[in-house]
Amino acid sequence: MGKRVLAILVEDRPGVLTRVSGLFSRRGYNIQNIAVGRTMEPGISRMTVTVDADPLTVEQIVKQLNKQINVLKISDLTDEPSVGRELLLVKVKAEPDKRGDIQQMARTFRARIIDLSPDSMIVEVTGNNEKLEAFLLMMQEFGIKEIASTGKVALFRGNKLIRETRN
Amino acid sequence: MKLTGAEMVLACLEAENVDVVFGFPGGAVLTLYDEIYKKGLRHILSRHEQGAVHAADGYARASGRPGVVFATSGPGATNLVTGIATAYMDSIPLIIITGQVARPFIGTDAFQEADITGITLPITKHNYLVKRIEELPHIFKEAFTIATTGRQGPVLIDLPKDLQAEEGEFHYPSRAEIYGYRPTYEGHQGQIAKALARLRKAKKPLIYAGGGVVSSGAHLELLELSQNGAIPVTTTLTGMGSIPYDYELFLGMPGMHGTYAANHAINESDLLLTIGARFDDRVTGKIEHFAPDACIIHIDIDPAEIGKNIAVHIPIVGDVRMVLREMLRRFKKGETEKWCAKVKAWKAERPLRYKQEGHLKPQFVIEELNRLSGGEAIVATDVGQHQMWTAQYFQFNKPRTLLSSGGLGTMGYGFPAAIGAQVAFPDRLVVCIAGDGSFQMNSQELATVVHYQLPVKVAIINNQYLGMVRQWQKMFYEGRYSHTSMDGSPDFVRLAEAYGARGLRATAIEEVGPVIEEAFQSPGPVLMDFHVDPEENVLPMVAPNTSIVDMIGGEE
């Protein structure tokens, strides 16, 4: 088992997210996270799916996904040079005497304070999964009230692209 | 040209040369049914939506053309679910058209509303909810294209009630442009060359062929390859008939109730040429022990089947017929004489057998049905013991003559499927072989055969049990027959008569032939009730998850 990151280009149609996510659940594999957004091509969306499964299972999932009419292209980014980022919002307890410490910690992680209230603040941080985990660990000592995070989005490094099949 | 949604549906069906549909009306398809009334489209009214969808499936399997089904929203649509799943598992092309509540009511839990596109997502090849009238012609063209090409399958179109009455511009496209759908038909030349080279070197090759041979119409190429290469053949339940029964290198069906020759040939083969089959667990038994010494070549139109259940050495993705034609063009025979002799000896020395003593045996009934049908019948079955006895003892010589739910294993499939086949071929002999348990799952369709005077001959192999489940309870649950007795079943002869069909019964050996002859000569629908040995088992048998050469019984 290991984490695999798949980028999937799909037609932007009702139910397409259900079609894709349904294929994972039917085979008993949890999607760890998923991000859906636009591409440069109107009508085509890009999903980035992180799943914990062995390579053979992923191969089978990819083949099944390819059979979906609304799925146009799938790339496995796991073993190729690529960059991936997630975004995390942390609402952390922040009594006046702790604020300085939190701000300093945030700077170390290149995180930003985006909201401040009398006893809490919201910190925004982006990065790969390890960095976000490390950041959460550091925030725990102040007391985390709530978090929200996006799924990972990823691109190949360099010139490599995932081309749409529609021309 | 301006047409209403309902008019468009009929125009699309006409453009696709659909001359008959199967269905059941209701509130959300009133406008559509009004159009059927006006245009006089041939429509077969079932007595339950499940009957309609299985009939469309039987029509498709027997004819090779897509079956078309109409049903209303909500319960009409959900009653189709078993039939859609049955077709999906066996890759049968269906177009299912369901009514939906009017667009403003969708999502409000309106009367007879069900999210049928959501429900059928995992059991259709694709499905659509039509939201705008302009999309309708394109959706129909896409649906027919998707259902009938590549790996075939059911496609559902959900039509809101108000859209059926709305007018729009109609132009039926000549072809569908579907960006995310490009099936591969031609096999990779390099892979074919590799397969041929291995085949030439193989000393003990075996062909394992399935339903893909039937759907691509490759039965003649299959036989030619087997003859040219002197390669024995085993066919799965859904592949039955693609090789003539009396062909000397045909070994029968493999797997759980397969023949000695087929299972041992798989076990000893050094090359397994898999053609349009998918390594189902009922065929392979314990997968680790399946064809342990063989180089596995797998020809399939669906790339997702390659490597799904078993590691394949040489995959060839493509249409079975096109790939086989290419293989035949470049084929050179290997040395297989010794192997053929061995396989033929297994076949001769270890045939399927049963003892006709005491009670009337079900196998004898099947043999008599086969003998008296003269090899020309289309046979539909339900699921269970009678299904396996049919596969074992009925001699299928042509493709599309056995209609049976292989993948899903749907009880109640056979009778409506026989209706569909009879609609496709009004002049052919169509026989439904059913169990007393499974027949009762769709016996209401007796009204349909009487209504349309469809001369379907139903043979109930009546053992007063859910026989296959009883057999497993006997073999694996120490004979505790939990809820498998069919006490309370009707008198089937009188049931048929109540509907206005003929009913005949045989309880002794000497009655079997005359009853079948009388039924086959009778012009209308006939039900035959054969009272057979209640405790007869389907043998040989391979216990689940064991090697297919660990066969139980079938020795005497």
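The residue numbering used here restarts from 1 in each chain and proceeds along that chain's sequence as written. Note on labels: chains are lettered from A, ligands numbered from 1, in written order. Only residues with pLDDT of at least 70 are given local features in this predicted model, and only at 80 or more are side-chain atom pairs given and counted; all residues enter the totals for whole chains, interfaces and linings. Side-chain descriptors were evaluated using all non-hydrogen atoms of the structure, hydrogens and water having been removed beforehand.

## Description of the overall build of chain B
Helix numbers and strand numbers start at the N terminus; a helix is a DSSP run of H or I with at least 4 residues, a strand a run of E with at least 2. The number of helices and strands found in chain B is 23 helices and 21 strands. The globule rule used here is 2.2 Å times the number of residues to the 0.38 power, and the radius of gyration it is set against is calculated over C-alpha atoms. Compactness check: chain B gives a C-alpha radius of gyration of 24 Å against a globular reference of 24 Å for 556 residues, within 12% of the reference. With the C-alpha coordinates aligned to their principal axes, the bounding extent of chain B is approximately 70 × 60 × 40 Å. Relative accessibility decides the category of a residue: with a 1.4 Å probe and only protein chains considered, values under 20% of the type maximum give buried, values over 50% give exposed, and everything between is partly exposed. Within chain B, buried positions represent 61% of all 556 residues. Accessible areas in this description were obtained via Shrake-Rupley with a 1.4 Å probe; residue shielding takes into account the shown protein chains only. Roughly 21000 Å² of accessible area belongs to chain B as shown, and the carbon and sulfur atoms make up 51% of that amount. Computed over 51 positive and 63 negative side-chain charges, the separation of the two mean positions in chain B equals 7 Å. Charged-residue counts in this description rest on Lys and Arg as positive and Asp and Glu as negative, His and the chain ends being excluded. To locate a charge, the coordinates of NZ of Lys, CZ of Arg, CG of Asp or CD of Glu are taken.

## A short note on the interface of chain A and chain B
Often, the extent of an interface is quoted as the loss of accessible area on bringing the components together. Counting residues at the interface gives 17 residues for chain A and 17 residues for chain B. Throughout, the accessible surface (probe 1.4 Å) given up by two parts as they are put together, summed over both, is called the buried area. With both sides pooled, the region where chain A packs onto chain B buries about 1500 Å², and carbon together with sulfur makes up 55% of that total. Three residues stand out in chain A for area buried against chain B, namely Arg19, Lys67 and Ile69 of chain A, and they jointly supply 43% of the buried area on that side. For salt bridges, the criterion is a side-chain nitrogen of Lys or Arg within 4 Å of an Asp or Glu carboxyl oxygen. At the boundary of chain A and chain B, one finds 1 salt bridge. Notably, a salt bridge pairs Asp302 of chain B with Lys67 of chain A, separated by 2.6 Å at the nearest N-O pair. By the criterion applied in these results, polar contacts are pairs of N or O atoms within 3.5 Å in which, for protein atoms, one can donate a hydrogen and the other can accept it, and in which residues neighboring in sequence qualify only through two side-chain atoms. Seen at the junction of chain A and chain B, the total is 5 residue pairs in polar contact (both at pLDDT 80 or more). Of all the elements in the fold, those that place two or more residues in the side of chain A that touches chain B are helix H1 (16–26), helix H2 (55–67) and strand E4 (71–76) of chain A. Ranked by the residues each element gives to the side of chain A that touches chain B, the list is headed by H2 of chain A, at 5 residues. Here the side of chain A that touches chain B is composed, by residue class, of 4 nonpolar, 7 polar and 6 charged. Contacts are assigned to residue pairs that have any heavy atoms within 4.5 Å of one another. We call Asp, Glu, Lys and Arg charged. Ala, Val, Leu, Ile, Met, Phe, Trp, Tyr, Cys and Pro are nonpolar, and the rest, Gly among them, are polar.

## Observations concerning the sheet that holds strand E16 (residues 430–435) of chain B
Residues and elements named next belong to chain B. Within the open sheet, the 6 strands sit side by side as E15-E14-E16-E17-E19-E18. Their pairing is parallel. A strand with exactly one partner marks an edge of an open sheet, and here the two such strands are strand E15 (402–403) and strand E18 (502–506). Sheet topology note: the E16/strand E17 (residues 457–462) ladder contains 5 bridges and is parallel. Across the sheet, Ile433 pairs through a bridge with Ala459, a residue of E17. Taken strand by strand, helix H22 (residues 492–499) contacts E17, E18 and strand E19 (526–531), and its axis lies near 170 degrees from that of E18. Between any two strands, pairing holds if DSSP finds at least two bridges. To get an axis, a line is fitted to the C-alpha atoms, and for a helix only the part in contact is used. The angle between two axes follows their N-to-C directions and goes from 0 to 180 degrees.

## So, the domain arrangement of chain A
Residues and elements named next belong to chain A. As used throughout, domain bounds are those supplied by an automatic or database domain assignment. You can read the domains of chain A as domain 1 (3–80) and domain 2 (83–153). Each of domain 1 and domain 2 has a C-alpha centre, and these two points are 29 Å apart. Three residues, Asn33, Ala35 and Thr48, lead the burial of domain 1 against domain 2; their summed loss comes to 61% of the area buried on that side. Counting every contact that joins domain 1 to domain 2 gives 0 salt bridges. Taken together, the connections running from domain 1 to domain 2 amount to 1 residue pair in polar contact (both at pLDDT 80 or more). Looking at the side of domain 1 that touches domain 2, the elements that each hand over two or more residues are strand E1 (3–11), strand E2 (31–38) and strand E3 (44–52). When residues in the side of domain 1 that touches domain 2 are grouped by element, the largest group, 3 residues, is from E2. Residues that form the side of domain 1 that touches domain 2 fall into these classes: 3 nonpolar, 3 polar and 1 charged.

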